[in-house]
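Given next are the chains, with one letter for each unit.
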Amino acid sequence: MAILSKDEAQAILKKVLGFSKADECQANLSGRTTGNVRYARNSVSTAGATDNVSLAVEARFGKRSGVATCNEFDDATLKRCVQRAEEIARLAPEDAEYMPLLGPQQYLTPKAYAASTAAISPDFRAQAAGDSIALCTAKNLTAAGYLEDGAYFQALRNNKGLEAYQQSTNVDFSITVRTPDGTGSGYATADYTDAAKFNAKNLTQLAADKAAGSRNARALEPGKYTVILEPAALASDEGLLNNLMYSLGAREADEGRSFLSKKGGGNKVGEKLFDERITIYSDPLNAEVPSGVFDGEGLPVKRMTWIDKGKVSNLYYSRYWGQKSGKPATAFPGNWIMEGGTQSVQDLIKGTAKGILVTRLWYIRDVDPQTLLYTGLTRDGTFYIENGQIKFPIKNFRFNESPVIMLNNVEAIGRPVRIGGNLVPPLKIRDFTFTSLSDAV
């Protein structure tokens, strides 16, 4: 039952709304069918699958609201779920930032669903893990990887006439490869809407090459260096640009809690804060990174430019803050796309006299939200570059850096690739600040 069609999902939601006696009622039905395989030390350790559909009902009386959930869909259970939401709503305090439910909306229709991904079987996952493990075993290396794929749907309906539905698929893979003595480590990651683009061997080869090449790393003095940051260092879960994009909230800026806050009040929309080559936007219709087209309230996600040639052009406005500020509300985007050039990472290396190649970053933590300063560590393949070539592996560093400063120190922008559902180019940055050494690999 996990992936319901639009008609099947909306039929359940119509029934739910029919049971409601609240002033306002909204129901959200979501489902997923996922599978995964995990391996470590060149052996599969776990494999599994999930299949679930869940319903969340929000009932409102005036400015009071309550939410109840269930994952069974007989009439009695649905009716009880609605009643429970209404009971909670009557007991809840009034919401000082209450906004009425949305009426009918128009949504984009990206190609976010691929039959090839929805059809992935345990045999497919086993083959991917087997190919990866075999490659590393043949090279006397040790692999640890995780592959997860899924098909999803989201449906929304309320008693104000709003109706929304979308299906999507995703396959996500990451691998760490280590040398037997533990002195070398490499990493690769990729995700796709369409599993036909996925190749476990190629990604494992990338990680294996870095692991083999990072043995016996040398220590360099901390300081300011020209760096080439691979996309995984910028836009994975532990990525500096991800942190920047999550910091574009209008309310935080207007209330003085953000790097976008102006002294004396207001925000810095319209100001040039980055290199003029920096343009970042969101687009649910992008063929490489199609994304969700509505948020939890049913607000449409549209193409939106956030940074345009170095200038901050838009911020995220919740419905409440948008109304208070006299600005249109902005649904939080499902992707972000940074414009780039045509150079690969290897091309950027060839054009570097002296510098450091960073595969990825991790354990990133806030230092100062007013300047967007972060600290974290490099890992899984850090290399010294000289005269356009990788000369030797180096020990990992702790860094202290702000993406605001980083995006003002851009020397070159490479070709964007998909990472974490976003399109991100490798960046060559001058004066990147490393503060100390780390013995971890």
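In this text, all values refer to a predicted model and were calculated from it rather than measured experimentally. (Residues numbered from 1 in each chain as written. Predicted model: local features only at pLDDT ≥ 70, side-chain atom pairs only at ≥ 80, totals over all residues. Heavy atoms only, no water.)

**Observations regarding the overall build of the protein**
Secondary structure assignment for the protein yields 11 helices and 19 strands. Relative to the globule expectation of 22 Å for 441 residues, the C-alpha radius of gyration of the protein, 24 Å, shows essentially globular dimensions. Dimensions of the protein along its principal axes, counting C-alpha atoms only, are 70 × 60 × 35 Å. Out of the 441 residues belonging to the protein, those deemed buried represent 51%. Contacts in the protein between residues far apart in sequence, at least 24 positions, make up 72% of those at least 6 positions apart. Just so you have it, the protein exposes about 19800 Å², and 47% of that area is on carbon and sulfur atoms. Of the side chains in the protein, 52 bear a positive and 49 a negative charge, and the two mean positions are spaced by 2 Å. (Helix = DSSP H or I, 4+ residues; strand = E, 2+ residues; numbered from the N terminus. Rg over C-alpha atoms; globule rule 2.2 N^0.38 Å. Buried < 20%, exposed > 50% of the residue type's maximum accessible area, 1.4 Å probe, protein only. Contact = heavy atoms within 4.5 Å. Areas by Shrake-Rupley, 256 points an atom, 1.4 Å probe, with all protein chains shown as cover. Lys, Arg positive; Asp, Glu negative; His and termini not counted. Charge placed at Lys NZ, Arg CZ, Asp CG, Glu CD.)

**Describing the nonpolar core**
Judged by nonpolar contacts, the single largest core of 53 residues is most densely connected at Leu241, Phe274 and Leu407. Ala9, Ala22, Ala59 and Tyr165 belong to the second-largest nonpolar core, a separate cluster that totals 27 residues. (Core = buried A, V, L, I, M, F, W, Y, C linked by side-chain atoms within 4.5 Å.)

**Considering helix 1 (residues 6–19)**
For helix 1, built from 14 residues, the straight-helix expectation of 20 Å at 1.5 Å per residue is met to within 8% by its first-to-last C-alpha distance of 20 Å. Turning to helix 1, its buried residues number three or more, namely Ala9, Gln10, Ile12, Leu13, Val16 and Leu17. What you see down the axis of helix 1 is that its buried residues fit within an arc of 155 degrees, all on one side. The exposed residues of helix 1 that point more than 90 degrees off its buried face are Asp7 and Gly18. (Expected span 1.5 Å × (residues − 1). Arc of directions from axis to C-beta.)

All we've got here are geometric facts, nothing functional implied.
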